[in-house]
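Coordinate analysis (summary)
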Amino acid sequence: MKKRVLVVGGVAGGMTTAARVRRLDEDAEVIVFERGEHISFSNCCLPYHLSDDIPSSDMLVLMTPEIMRKRHNIDARVHHEVVRINREEKTIDVNNLLDDTTYTECYDKLVLSPGARARMLPIEGIDSVPVFALRNVADAKGIHDTVVDNDLKDIVVIGGGFIGLEAAENLKLRGCNVALCELLDQVLLTLDNDMVQTLHREIYDKGIDLHVGTYLAKVEDNKAFLSNGKVVPCELVVMAAGTLPESQLAEDAGLELTERKYIKVDQNYKTSDPDIYAIGDAIAVFHRLSGQFAPLQLAGPALKQARAVADHIYGIPTMNTGYIGSSAIRVFDLNAAATGLTCRALDQLGKTNYDYVYVIPKDSVGIMPSSENQFLKVIYEIPTGRILGAQAIGKGDVVKRVDVIAAMLKFSPTLEHLKDLELCYAPPFNTARDSVNFAGYVGLNLLHGVYRHVHVSDVRGLVESGAYIVDVREPAEYEKGHIITAVNVPLSQLRDRMDEIPKDRPVYLHCRSAQRSYNALLALQHKGWTNLYNIAGSFLGVSNYEYFLDQVTDREPIVTDYNFV
Ligand SMILES: Cc1cc2nc3c(=O)[nH]c(=O)nc-3n(C[C@H](O)[C@H](O)[C@H](O)COP(=O)(O)OP(=O)(O)OC[C@H]3O[C@@H](n4cnc5c(N)ncnc54)[C@H](O)[C@@H]3O)c2cc1C
């Protein structure tokens with residue numbers, strides 16, 4: 001008998017499910033219901049229309065109902081909202097939004113891929129300016145056309161997650177003045193606070209008025225009043241303050257939800273009703289590293305879940321290996337990527353048995369013209385050395401490094417595996433020992449107690465408490481900029497000046513990127529010093545970590561000048 005598969009939501013997860021069902025069954029009746037105007041648009045490319053990187057909003061639409069009908073015999077109905085699931089009868093009620101009529105369709109299997117909607121914050125006076133979320137083509141076109149048609153210049157973006165950042169970047173690139181308000185003390189929670197300071201620097205230096213730890217209190221007379229007391233001009237607001245799952249339909253149907261109203265699914269993405277599946281932004285997935293169920297609002301997982309669901313409907317098993325969460329973003333000239341758990345997430349899980357490597361190697365051979373610094377953090381478990389997560393930022397191909405670690409993360413890798421990785425090498429691409437190998441060496445040294453380190457986030461405290469800090473760079477480097485309390489004993493002179501280094505108190509060594517200070521530390525250790533710590537990330541790391549807050553607060557810098565090269 002012909003199967004009848006109905007799908008709610010016609011974008012990432014929904015259309016992928018429909019297409020896979022068609023590939024598996026030429027006879028199935030497949031109907032997709034999409035509330036909006038379009039199916040199969042590229043959510044991820046929406047922000048790039050704001051800068052005209054993608055010049056026409058039509059280009060965002062990848063597939064039309066007509067093509068789906070002709071090529072795949074899939075009935076995709078736009079402007080059709082599913083308003084009720086009648087589980088007993090195995091039917092759904094659909095509202096045709098064009099003529100406001102309601103009709104009923106029956107199903108053998110129902111797949112929910114309704115996504116998430118923007119959290120629209122109620123802010124005093126906000127309706128006095130145009131306010132947009134950025135979730136679909138209409139939103140992208142709405143922001144773009146409103147800005148262009150009215151020659152608007154002053155935009156306030158609320159929220160420093162992926163969507164807020166990408167919106168801010170693209171509006172800035174088109175010449176707008178952009179203020180970005182983020183309630184937390186940092187943008188982008190996929191990166192830890194120490195790593196993200198490098199992105200804060202880029203955002204700030206590229207002219208975005210970035211306010212962290214701040215909310216938009218009210219809008220009046222084209223001015224935005226921020227909770228930090230600042231007032232910025234405001235002609236349009238982009239609301240990117242997080243999302244809420246589109247799970248009302250599921251809730252009304254009595255399907256099980258999590259506390260935060262995400263749809264609960266089993267290992268095959270079946271809801272608490274065996275004939276209803278759910279995928280994408282609306283569900284909670286199993287995170288294999290935290291062992292918890294939580295949302296993961298990314299395109300790749302939605303598409304994989306779509307395939308798994310279609311396969312399950314047709315009896316093809318899929319191993320659900322859980323999720324690690326891998327993501328990337330470009331922010332002006334910097335790329336950033338992350339996979340697995342952050343330190344912040346580990347702290348929230350109550351884990352304390354971890355540490356992390358923070359290295360800043362070159363991303364290709366240093367004398368190559370394309371060579372750039374690469375900020376790489378790898379988090380590992382103590383005592384096993386099991387890798388828990390990684391984050392990287394740089395101008396070059398940092399995504400590749402995080403992807404390598406992401407690929408391993410599904411197989412419970414350790415630092416030893418990282419050290420052993422045999423990766424492609426030629427000078428334009430990387431160094432003979434890739435930065436991920438390098439992170440493995442450093443991590444193993446730390447794990448095996450070869451030396452101890454402190455993090456860039458510790459350095460301000462060290463300076464303020466009068467700790468003994470030794471800068472082992474050459475005098476010319478020191479003169480250009482140094483930690484205000486650091487003593488300069490260059491590595492090249494160290495063996496003649498060892499007696500200047502105290503033995504009776506902790507000594508913190510650094511250089512530019514922690515390589516020379518590691519050598520200095522070992523030389524001293526071999527000669528009997530037992531009180532030494534390397535400053536991971538060294539002066540480059542400290543400069544990047546300190547810069548943004550030095551610019552936007554009235555605190556005293558702990559460096560005489562910064563070094564970013
Ligand atoms: C601006 C933006 C940028 C992004 N960038 C990235 C990125 O770079 N990388 C990445 O991995 N992910 C990115 N994402 C996230 C990614 O797009 C989502 O994770 C993915 O689209 C989720 O798929 P989904 O099918 O669950 O939801 P969606 O693709 O959002 O589709 C859900 C659809 O269901 C429809 N719908 C809801 N309820 C009903 C109903 N009752 N009846 C009919 N239709 C209904 C909605 O109108 C919506 O069109 C981005 C998202 C946005 C918005």
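Only a predicted model underlies this, so the values are computations on that prediction, with no experimental measurement involved. (Residues numbered from 1 in each chain as written. Predicted model: local features only at pLDDT ≥ 70, side-chain atom pairs only at ≥ 80, totals over all residues. Heavy atoms only, no water.)

Here's the deal with helix α7 (residues 299-313)
Taking 1.5 Å of rise per residue, 15 residues should cover 21 Å, and α7 covers 21 Å from first to last C-alpha, within 8% of that figure. The set of residues buried in α7 consists of Pro-301, Ala-302, Gln-305, Ala-306, Ala-308, Val-309, Ala-310, Asp-311 and Ile-313. The secondary structure elements touched by the buried residues of α7 are β1 (4-8), α1 (12-24), β7 (109-112), β18 (276-278) and β19 (285-287). Phi turns positive one or two residues past the end of α7, at Gly-315, with a value near 75 degrees. (Helix = DSSP H or I, 4+ residues; strand = E, 2+ residues; numbered from the N terminus. Expected span 1.5 Å × (residues − 1). Buried < 20%, exposed > 50% of the residue type's maximum accessible area, 1.4 Å probe, protein only. Contact = heavy atoms within 4.5 Å.)

Comments concerning empty space enclosed by the protein
Counted according to the given criterion, the structure contains 1 cavity of 30 Å³ or more. Of the voids in this model, the largest cavity is the one considered here, and its volume is about 30 Å³. In terms of lining, the largest cavity is formed by Phe-162, Leu-188, Thr-190, Leu-191, Ser-327, Ala-328, Ile-329, Ala-336, Ala-337 and Ala-338. Of all the elements in the fold, those that place two or more residues in the lining of the largest cavity are β21 (326-331) and β22 (334-340). Class assignment of the residues belonging to the lining of the largest cavity gives a composition of 8 nonpolar, 2 polar and no charged. (1 Å grid on protein atoms, 1.4 Å probe; cavity = no way out; pocket = protein on both sides within 12 Å on 5 of 7 lines; lining within 4 Å. Points joined across faces, edges and corners; volume = space filled by probe spheres on them. Nonpolar A, V, L, I, M, F, W, Y, C, P; charged D, E, K, R; others polar.)

Focus: the pattern of salt bridges
In this structure the tally under the stated criterion is 36 salt bridges. A salt bridge links Arg-135 to Asp-281, with the shortest nitrogen-to-oxygen separation between them at 3.5 Å. Taken together, the residues span a long stretch of sequence, with Arg-135 in the loop between β9 (131-132) and α3 (137-149) and Asp-281 in the loop between β18 and β19 at a distance of 146 residues. Residue Asp-434 is joined to Arg-401 by a salt bridge in which the shortest nitrogen-to-oxygen separation is 3.1 Å. Linking Asp-434 in the loop between α10 (415-420) and α11 (435-447) with Arg-401 in helix α9 (residues 398-409), this pair joins segments that are 33 residues apart in sequence. Given a relative accessible area of 2%, Asp-434 falls into the buried group. (Salt bridge = Lys/Arg side-chain N within 4 Å of Asp/Glu carboxyl O.)

Side note on the domain arrangement of the protein chain
A common way to state how big an interface is: give the accessible area lost once the parts meet. According to the domain assignment, the protein chain contains domain 1 (4-36 + 79-115 + 244-313), domain 2 (120-241), domain 3 (333-447) and domain 4 (453-552). If you average the C-alpha positions of domain 1 and of domain 2, the two centres end up 32 Å apart. (Domains from an automatic or database assignment.)

Regarding the sheet that holds strand β26 (residues 453-454)
Pairing between the strands of a sheet comes from backbone hydrogen bonds, and it takes one of two forms, parallel or antiparallel. Overall, parallel pairing links the 5 strands, which are arranged β26-β30-β29-β27-β28 in an open sheet. Both edges of this open sheet fall to β26 and β28 (487-488), since each of them pairs with a single strand only. Strand contacts of helix α15 (residues 515-526): β29 (507-510) and β30 (532-535), with the helix running at about 175 degrees to β30, the strand carrying the most contacts. (Pairing = 2+ DSSP bridges. Axes fitted to C-alpha atoms, helices over the stretch in contact; angles between N-to-C directions.)

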